[in-house]
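Listed here are the chains, written in short residue letters.
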Amino acid sequence: CVFYRELPKVELHAHLNGSVSFQTMEKLMNRKPHLNIEHSMTAIGKGQRRTLDECFEVFKVIHKLVDTEEDILMVSKDVIREFAEDGVKYLELRSTPREEQRTGLTKTNYIDTIIKAIQQCKSEGLDIDVRLLVAIDRRNGMEVAMETVKLAEEFMLSSDGLVVGIDLSGDPTVGHGKYFLPALERAKNGGLKLSLHLSEVQSQLEESELLLNLPPDRIGHGTFLHPEMGGSQSLVDKVVKNGIPLELCLTSNIKGQTVPMFSLHHFKYWYQLGHPTVICTDDKGVFCTDLSQEYQLVASTFGLSQKEMWKLSQQAIDCIFAEEAVKQQLKKKWQDLHPQVF
Ligand code: 5GP
């Protein structure tokens, strides 16, 4: 639908390596034919579902394809261009810095290369503002988490405001959030914003309680926070009291089987509460979607009008991590693009 493609949008939850499109995958596969990787191993097509475990296997395959500076530059630029083509005006990418001994890639080069891609896209005149969150993969443990925060702090100071925060992600069934508290507290005290994957799977009540005390600046998924999904009123109260926006990714949750069907998605619960929610893609490449499709999906599933969807995209501006001046510029852009009638 043209309306949703033209609707100016804000994307706040996009993992770089999960956002690689079919076309870019094709280029990567041609660069590395010896790996014998096929599209069915890097994307979950229409109507297909996987367990969350299987989803994490997909990322391992993609990481094999993206292991040089050259790959990261191409992937980042392609992903940014594709979001811009889909009407995204402000994008926060997140990615886990990796080192690869085989190719000489270091974590510093990794982040540097994404920043270079952001700067190149800007100088090419793309109509999209991009920021970066440095991701902690919980599978790598607390020491790596602390190193990651230190690296992000350095980049926050040297990247002209492009590195704005930290993401906690990776397999939610591995490790306990308490181990990451020192790293997350340090990040917060140092001025980095926090977006944490929280209650993505059931039975993370204690962990969510603990992490909400930080409190984070945004929550990824939060699928099992509310009482109807086995969460608790006290968790909901904390989220509401602190006004912490939720990043919600419908297709991802359905394909990853943490939510059984669209109509049961927790968007409904939080939207009815009047709590800030932001529609996002999570991994547009892996889950074969884009942000306009996700907006359309929310509208058709929950019967929201175009006017209500416009408001939803506009309210997302208040949830971005970039500085106030950027918010004001975006608000002006939305005003200028506002249709005369719906
Ligand atoms: P990257 O950080 O390499 O750019 O993007 C892929 C990584 O993002 C995955 O290895 C995983 O750590 C994280 N990720 C992507 N999608 C999800 C998700 O739905 N849930 C969680 N917890 N982590 C994810």
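Above this note sits the structure.
Everything numeric here is computed off the predicted structure, so don't read it as measured data.

Chemist: How do you make sense of the pairing of strand E6 (residues 218–221) when you look at a structure like this?
Modeler: Within a regular strand, the side chains alternate between the two sheet faces. Sheet topology places strand E5 (residues 193–198) next to E6; four bridges connect them, and they run parallel. Looking across to E6, one finds that Leu196 is bridged to Ile219. Viewed along the sheet, the connection from E5 through helix H8 (residues 205–212) into E6 turns out right-handed. In this fold, the crossover linking E6 to strand E7 (residues 246–248) by way of helix H9 (residues 233–241) has right-handed handedness.

Chemist: Just checking my understanding: could you explain the pattern of salt bridges for this structure?
Modeler: Side chains carrying opposite charge are able to pair once their charged atoms draw close together. All told, the structure shown has 27 salt bridges when counted by the stated rule. For Arg139, the salt bridge goes to Asp137, with nearest N and O atoms at 2.6 Å. On the accessibility criterion, Arg139 (32% relative accessible area) is partly exposed. Taking relative accessible area as the criterion, Asp137 reaches 12% and is therefore assigned buried. Glu207 is the salt-bridge partner of Arg138, the closest N and O atoms lying 2.9 Å from each other. Here Arg138, found in the loop between strand E3 (129–137) and helix H6 (141–158), pairs with Glu207, found in helix H8; they are 69 residues apart in sequence, far enough to count as distant.

Chemist: Where do I start with helix H13 (residues 306–315) in this structure?
Modeler: Every α-helix carries 3.6 residues per turn, so stepping three or four residues along brings you back to the same face. Listed as buried for H13 are Met309, Trp310, Leu312 and Ser313. Viewed along the axis of H13, the buried residues span an arc of 160°, placing them on a single side of the element. Packed against the buried residues of H13 are helix H1 (2–6), strand E1 (9–15), helix H11 (267–273), strand E8 (277–279), helix H12 (291–302) and helix H14 (324–337).

Chemist: Can you help me understand unusual backbone geometry in this one?
Modeler: Excluding glycine, most residues fall at negative phi; most peptide bonds, likewise, are trans. Following Leu214, the chain continues to Pro215 via a peptide bond in cis, the omega torsion being -20°. Position of Pro215 relative to the elements: it lies in the loop between H8 and E6. A positive phi is found at His221, a non-glycine position, where the angle reads about 70°. Along the chain, the position of His221 falls in strand E6. The class for His221 is buried, based on a relative accessible area of 0%. The residue Gln257 is not glycine, and still its phi comes out positive at about 60°. Among the structural elements, Gln257 can be located in the loop between helix H10 (250–255) and H11. Accessibility expressed as a relative area gives 44% for Gln257, which makes it partly exposed.

Chemist: Is there a simple way to think about the environment of Leu225 in this case?
Modeler: For Leu225, the position within the fold is in the loop between E6 and H9. Taking C-alpha positions, Leu225 is 6.5 Å from Val236, a pair spaced 11 residues apart along the chain. The residues touching Leu225, leaving out its near neighbours within four places in the chain, are Ser199, Ser208, Leu212, Ile219, Gly231, Ser232, Leu235, Val236, Val239 and Trp270.

Chemist: Please clarify how the site of the ligand should be interpreted in this entry.
Modeler: Surrounding the ligand, one finds 18 residues, the nearest of these being His63, Ser95, Thr96, Glu200 and Asp283. In the model, an oxygen atom of the ligand is placed 3.0 Å from a nitrogen or oxygen of the His15 side chain. A distance of 2.6 Å separates a nitrogen atom of the ligand from a polar atom in the side chain of Glu200. In isolation the ligand has 500 Å² of accessible area, and contact with the protein removes 98% of it. Elements supplying a minimum of two residues to the shell around the ligand: helix H3 (52–65) and strand E2 (88–95). Top element by residues in the shell around the ligand is H3. It accounts for three residues. A breakdown of the residues in the shell around the ligand according to their chemical character gives three nonpolar, nine polar and six charged.

Calculation criteria
Residues numbered from 1 in each chain as written. Predicted model: local features only at pLDDT ≥ 70, side-chain atom pairs only at ≥ 80, totals over all residues. Heavy atoms only, no water. Pairing = 2+ DSSP bridges. Helix = DSSP H or I, 4+ residues; strand = E, 2+ residues; numbered from the N terminus. Right-handed = clockwise from strand over helix to strand, strands pointing away. Salt bridge = Lys/Arg side-chain N within 4 Å of Asp/Glu carboxyl O. Buried < 20%, exposed > 50% of the residue type's maximum accessible area, 1.4 Å probe, protein only. Arc of directions from axis to C-beta. Contact = heavy atoms within 4.5 Å. Near = heavy atom within 4 Å. Polar contact = N/O pair within 3.5 Å; in protein donor to acceptor, adjacent residues only side chain to side chain. Areas by Shrake-Rupley, 256 points an atom, 1.4 Å probe, with all protein chains shown as cover. Nonpolar A, V, L, I, M, F, W, Y, C, P; charged D, E, K, R; others polar.

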